[in-house]
Amino acid sequence: MSSEAENKTPGKDFIRAKIDAQIKEGLDASTIQTRFPPEPNGYLHIGHAKSICLNFGIAAEYGGKCNLRFDDTNPVKESTEYVNGIMEDVRWLGFDWGPKVFYTSDNFDFLYEAAEKLILAGKAYVDSQSADDIHKTRGTLTEPGKNSPYRDRTPEENLALFRRMRAGEFADGTQVLRAKIDMASPNVVMRDPVLYRIRHTHHHRTGDKWVIYPMYDFSHCVSDSLEHVTHSLCSLEFENNRELYDWTLENLGMFPSKQTEFARLNLDGTVLSKRKLIQLVTEKYVSGWDDPRLPTIRGLRRRGYTPEAIREFAARIGVARADSRVDYALLEFCIREHLNRICPRLMAVLDPIKITVENYPEGQVEWFDMPLNPEDPAMGSRKVPFSRELYIERDDFMLEPPSKFFRLAPGREVRLRYAYYITCKDARRDEAGNVTELICTYDPDSKGGGTPDGRKVKGTLHWVSAQHAVKAEVRLYDRLFTQDDPDDMPAGKTFLDAINADSLKVTEAYMEPALAGYKPDSRVQFERIGYFCVDKDTAPGRQVFNRVVGLKDSWAKEVKKA
RNA sequence: UGGGCUAUCGUUCAAUUGGCAGGACGAUGGAUUCUGACUCCGUUAAUCUAGGUUCGAGUCCUAGUAGCCCAGCCA
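Right, let's walk through the structure included here. (Residues numbered from 1 in each chain as written. Chains lettered and ligands numbered in written order. Predicted model: local features only at pLDDT ≥ 70, side-chain atom pairs only at ≥ 80, totals over all residues. Heavy atoms only, no water.)

1. Observations concerning the pattern of salt bridges
Part 1: Considering all chains together, one arrives at 51 salt bridges under this definition.
Part 2: Among the ionic pairs, Glu473 bridges to Arg475, the shortest N-O distance being 2.8 Å.
Part 3: With a closest N to O distance of 3.6 Å, Asp535 and Arg475 form a salt bridge. Of this pair, Asp535 sits in the loop between strand 24 (530–534) and strand 25 (544–550) while Arg475 sits in strand 21 (residues 470–477), placing them 60 residues apart in sequence.
Part 4: Exposure remark for Arg475: the relative accessible area of 13% places this residue in the buried category.
Part 5: Taken together, the shared-partner salt bridges in this structure form one network comprising Asp290, Arg302, Glu473, Arg475, Asp535, Lys536, Asp537 and Arg542. (Salt bridge = Lys/Arg side-chain N within 4 Å of Asp/Glu carboxyl O. Helix = DSSP H or I, 4+ residues; strand = E, 2+ residues; numbered from the N terminus. Buried < 20%, exposed > 50% of the residue type's maximum accessible area, 1.4 Å probe, protein only.)

In structure tokens, the structure reads:
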């Protein structure tokens, strides 16, 4: 059993429960310090959002602080572009890291001095073996490693060598600084881990000042400690590194930050590893980091997700130590729940079929005033034109309807939302038998959508006036992968083999005129269809909408069953 | 006989430390409805296995089983 299980308070996740217990034992809540420490080598995804919400959330709840720290110790992978992108994403998610941004690279001088201290204390040495030899002598998971022939160099010798490393006298890969711990440790991480390596590479912040760079295991704990991080929260794969984290701070005599691990997020139908996301972007399987099919923060943002929905999602998935994979339906639930509250509701037809209302006067147009959201009158209203020729959704008509179908069919009466009742008199067909046009009549007494005799209709359809319809491009998205877990493919297959060829469908919508007024980033509900977000690709005269998520559709389920 | 970690409804997170296994999502039935949406009500369904301790075990003990992480000069 893990020691984390002790002293839990019920209902809370194990981390917050442990903090409660620590406070009970005297911890001053205002000293609680967390940090979100991304490496700027890619953009953030929803898995990071979980960590961000956890770290910033805990700081806010307990009256502590959370730092944003860029873990920028490997210059070959990192860039300012990513630093800026990450800050933008964290801010968009709604979190504030205060006036100071932290960088591990700001601690390079301190880290160097700390390394010299370890050398002087006989706890670190310069190893001149090749990377290959270091690998070979590390041992295996079941066998101990062998000591390096350079392990017993004197502190003076090591110090001189280390200073020459820093001075740039050695080529990349020829020397490393290693901690002198135990080559026989059952924990492979403790077998004389590398602390510093040589990299003659330009760093995005320190430029060419350094040619040696500290490793994660050395720099992360020291940076935590310098920031007085009390709760260093990271994902489960760092469990094995905790022993080295503690060793380093102890041997340096520094503030004892403590690491706690939790399970990272896995989400059905997508990948959440930076390596794979980078591959999807660079090899053009998607249009970019902000492709609306991607689980990146900017992808979700462009798709039309809101920060509120993502934060709600993070709260609902919880925090635990067990590996898990979350149902995509939960994310969709969260965005629907928020968009349902905030979106105006308008009408657009995605797959039109024409209706001619034969008893409606030719050339007549009526403008109906319709509420933008009947559940929230404060949203106001808009004007919608009605005329003799209309479009409705092709799915809303059936020649030979099954019993449970209560939309339009020959002889059937339905309501056109907020307008009139219409009855289908005839369905015109082409040679192939496809329905091309519906001939209907309307009941003038049903104006506004009700009748004096109070008769009921089963169906209410959305519609647009053909002559007033505004066309727009609509992008319909499906999951990017066909498998729930694209990371777990059969032998010989990779996650790329699971890419869904139909993850994007582009179509043309016929919209009521008011919809043309919405600018990029606006989110609306297309009644009876789903939530849509105006895309940044929108140009004058050519709107582009992304489908954020469809409405729940119990009729579609019914059809599927049949 | 390498070490570390994990195991509860289909999914996910709980269970006041040994006292009626609960919530959410999903699924499903119904009510309501000018969105087959929303909302409301109901139903469904779980303690990895085998022993043991105990009046009582998800929780403690013993032995198993399954899964995840670690052999980067990545983080």
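2. Focus: the pairing of strand 12 (residues 352–357)
Part 1: As judged from the 5 bridges shared by strand 12 and strand 15 (residues 389–393), these two strands associate in the antiparallel manner. Its bridge partner being in strand 15, Lys354 is matched across the sheet by Tyr391.
Part 2: Relative to strand 18 (residues 435–443), strand 12 is paired through 4 bridges, and the arrangement is parallel. From the neighbouring strand, Val357 faces strand 18, where its bridge partner is Cys440. (Pairing = 2+ DSSP bridges.)

3. Regarding helix 8 (residues 242–252)
Part 1: Of the residues making up helix 8, those classed as buried are Leu244, Tyr245, Trp247, Thr248, Leu249 and Leu252.
Part 2: In this structure, the buried residues of helix 8 make contact with helix 4 (108–120), strand 5 (176–179), helix 7 (216–226), strand 8 (231–235) and strand 9 (258–262). (Contact = heavy atoms within 4.5 Å.)

4. A short note on the sheet that holds strand 1 (residues 33–36)
Part 1: Spatially, 1-2-3 is the arrangement adopted by the 3 strands of the open sheet, whose pairing is parallel. Because the sheet does not close on itself, it has two edges, and the strands there are strand 1 and strand 3 (102–103).
Part 2: Summarising the sheet, strand 2 (residues 65–70) and strand 3 pair through 2 bridges and their orientation is parallel. Bridge pairing links Phe70 to Tyr103 in strand 3.

5. Examining the protein's contact with RNA strand B
Part 1: For RNA strand B, the set of nearby residues contains 74 residues, the closest of which are Arg199, Arg316, Arg345, Arg407 and Gly448.
Part 2: Within 4 Å of the protein, the atoms of RNA strand B are drawn from sugar and phosphate moieties in a proportion of 62%.
Part 3: In this structure, a sugar or linking oxygen belonging to RNA strand B sits 3.0 Å away from a side-chain N or O atom of Asn74.
Part 4: In this structure, a sugar or linking oxygen belonging to RNA strand B sits 2.4 Å away from a side-chain N or O atom of Arg415.
Part 5: For the surface near RNA strand B, the secondary structure elements donating two or more residues are helix 5 (131–136), strand 6 (194–198), helix 11 (307–317), helix 12 (328–342) and helix 13 (554–561).
Part 6: If you tally residues by element for the surface near RNA strand B, the top one is helix 12, at 4 residues. (Near = heavy atom within 4 Å. Polar contact = N/O pair within 3.5 Å; in protein donor to acceptor, adjacent residues only side chain to side chain.)

6. Structural notes on helix 4
Part 1: When the terminal C-alpha atoms of helix 4 are compared, their 18 Å separation across 13 residues agrees well with the 18 Å that a helix rising 1.5 Å per residue should span.
Part 2: Among the residues of helix 4, those classed as buried are Phe108, Leu111, Tyr112, Ala114, Ala115, Glu116, Leu118 and Ile119.
Part 3: At the C-terminal side of helix 4, Gly122 shows a positive phi close to 75 degrees. (Expected span 1.5 Å × (residues − 1).)

7. A short note on the environment of His48
Part 1: Positionally, His48 belongs in helix 2 (residues 46–62).
Part 2: When the C-alpha positions of His48 and Pro38 are compared, they lie 8.4 Å apart, and in sequence the two are 10 residues distant.

8. Regarding the nonpolar core
Part 1: In this structure, Ile46, Val90 and Phe313 are the most contacted members of the largest nonpolar core, which totals 42 residues.
Part 2: Elements with a contribution of two residues or more to this core: helix 2, strand 2, helix 3 (80–93), helix 10 (297–303), helix 11, helix 12, strand 24 and strand 25. (Core = buried A, V, L, I, M, F, W, Y, C linked by side-chain atoms within 4.5 Å.)

9. Considerations on the sheet that holds strand 16 (residues 413–416)
Part 1: With respect to topology, 7 strands assemble into an open sheet ordered 19-16-17-18-12-15-20, the strand pairing being mixed. Looking at which strands have only one partner, the edges of the open sheet turn out to be strand 19 (460–461) and strand 20 (463–465).
Part 2: Summarising the sheet, strand 15 and strand 20 pair through 3 bridges and their orientation is antiparallel. When the sheet's bridge partners are listed, Ile392 is paired in strand 20 with Trp463.

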